[in-house]
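# Coordinates in review
The primary structure of each chain is shown beneath.
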Amino acid sequence: MIHNRLLRRIFIVNLFCLFFLSSCSFKNRLAILKTPFDADTIKNVMVVNDNNETETIYNLIKPEDELAIRNYQNMDLITKPLTGTTNIYQGNYITYKVNQNGEVSMPKIGWIKVAGLTRNQAAKRIQQAYEKDELNAPLIDVRIVNAYIVLLGEVGKQGKYIIDREDYELIDLLGDAGGLLPSANRKMVRIFRGNRENPEIILVNLNDYDFIKNPKLKLKAKDIVYVEPRSAFANSQNLQSYNLFIQTGLIIINTLLIIYNLAK
C-alpha cells in the first residue's frame, strides 16, 4: 500500500513538472522581433523613433555599393573591365563596385559618376556615355545588388529581396513573396529601419486601406519586415507542442513505472 502511494506521488510530481517545463519552454516560442510598442492591432500606421526623413526616393546609389549592369543589346560591350576593377558574372548581369568617389569603371568609356542617382538615372547616364562613343545603341539596365530587404514571418516566401524598381513599397514586397499566409496577423506588420541600435519602427495595419497612402511604406535598403502570426494560431501551435511534450513525458514515466514494477 505504501509502495503504491509512493508511486502515485511520484507520478503526480512528474506530471506537474511536465506542465511547468512545457509552459516555460513554449511560451511565446513563435514570437520574434518583439518591441515595447506591440499590440494585437493598430489603427493604421504608427511610427516609433521617426527619423524625419523627407527624401521621397530612398534607394540612391552610394559609394561602396555594388551595381549589377547589363546591356540588353550587346553583352560583350561590358564584359571587358578596365584594369583594377572587380567584376562577377550574375546571370546576364556583371557587377561593378562603386568607388569612394561615387564612380564605376566601365569598359571602353572609363569612370562614370553614379553616386546620388537612382538605378534608372545611372542606367541612362551610362547609356548616354556609350552613345557618345559612337557604339551600337546600347540598352542599359542597372540594379543595386546590395539594396535588399529582409522579409520574415507568415508570408509565402521568406528571405532577402533585392529592390529592383524605383518606388518599392510594402505591398510590392508582399506580392513578390507570394502574399500572406492564413496564419498572418494582418493588423500588425513591423518594419525596422536604419540604425540597428535604435531603429525606426513602423507598425502597419494591412486591413486599413489607407496604409497604402503612407510614404513611410516606400521600402529602403536593409529594411527588416516581419509579419507575425495571429494570436489564435500561435496559441494552437503552443497547444500542439504542449500535447506532444506531455504525451512523450507520460510515455517515459509509464515505461519507468512498468520497468520498476517488473524489477521488484
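This section reports on the structure supplied with the text. Because the structure is a prediction, the values reported are computed rather than measured.

The rules we used
- Residues numbered from 1 in each chain as written.
- Predicted model: local features only at pLDDT ≥ 70, side-chain atom pairs only at ≥ 80, totals over all residues.
- Heavy atoms only, no water.
- Helix = DSSP H or I, 4+ residues; strand = E, 2+ residues; numbered from the N terminus.
- Buried < 20%, exposed > 50% of the residue type's maximum accessible area, 1.4 Å probe, protein only.
- Contact = heavy atoms within 4.5 Å.
- Areas by Shrake-Rupley, 256 points an atom, 1.4 Å probe, with all protein chains shown as cover.
- Core = buried A, V, L, I, M, F, W, Y, C linked by side-chain atoms within 4.5 Å.
- Salt bridge = Lys/Arg side-chain N within 4 Å of Asp/Glu carboxyl O.
- Pairing = 2+ DSSP bridges.

What follows concerns the overall build of the protein chain. When helices and strands are tallied, the protein chain shows four helices and 12 strands. Considering the protein chain as a whole, with its 264 residues, one finds that 37% of them fall into the buried category. Residue pairs in contact within the protein chain that sit at least 24 positions apart in sequence constitute 67% of those at least 6 positions apart. When the accessible surface of the protein chain is summed, it comes to about 15400 Å², and 55% of that surface belongs to carbon and sulfur atoms.

On to unusual backbone geometry. Look at Lys108: it is not a glycine, yet its phi comes out positive at around 75°. Relative to the helices and strands, Lys108 is located in the loop between strand S5 (103–106) and strand S6 (110–113). Residue Lys108 is classed as exposed on the basis of its relative accessible area of 56%.

Leu151, Leu170, Leu173, Ile191, Val204, Leu217 and Val225 are the most contacted members of the largest nonpolar core, which has 22 residues in total. Breaking this core down by element, the ones donating at least two residues are strand S8 (148–153), helix H3 (170–176), strand S10 (184–193), strand S11 (200–204) and strand S12 (224–229). Each residue touching Val225, except ones within four places of it in the same chain, is listed here: Ile149, Val150, Leu151, Leu152, Leu170, Leu173, Val189, Arg190, Ile191 and Leu219. Residues Ile69, Ile140, Ile144 and Ala147 belong to the second largest nonpolar core, which totals 20 residues.

Our next topic: the pattern of salt bridges. For the structure on display, the rule yields nine salt bridges. Ionic pairing is found between Lys97 and Glu64, a salt bridge with its closest N-O pair at 3.4 Å. With Lys97 in strand S4 (residues 93–97) and Glu64 in the loop between strand S1 (45–48) and strand S2 (66–71), this pair connects stretches of sequence that are 33 residues apart. Judged by relative accessible area, Glu64 falls into the partly exposed class, the value being 37%.

With that settled, the discussion passes to the pairing of S4. S4 sits mainly inside the fold: four of its five residues count as buried. Sheet topology note: the S2/S4 ladder contains four bridges and is antiparallel. Bridged to Ile69 within S4 is Ile94.

Among the five residues in strand S7 (residues 140–144), four count as buried, and that is most of the element. Pairing analysis gives five bridges linking S2 to S7, with the strands arranged antiparallel. In the strand pairing of S7, Ile69 is matched with Val142.

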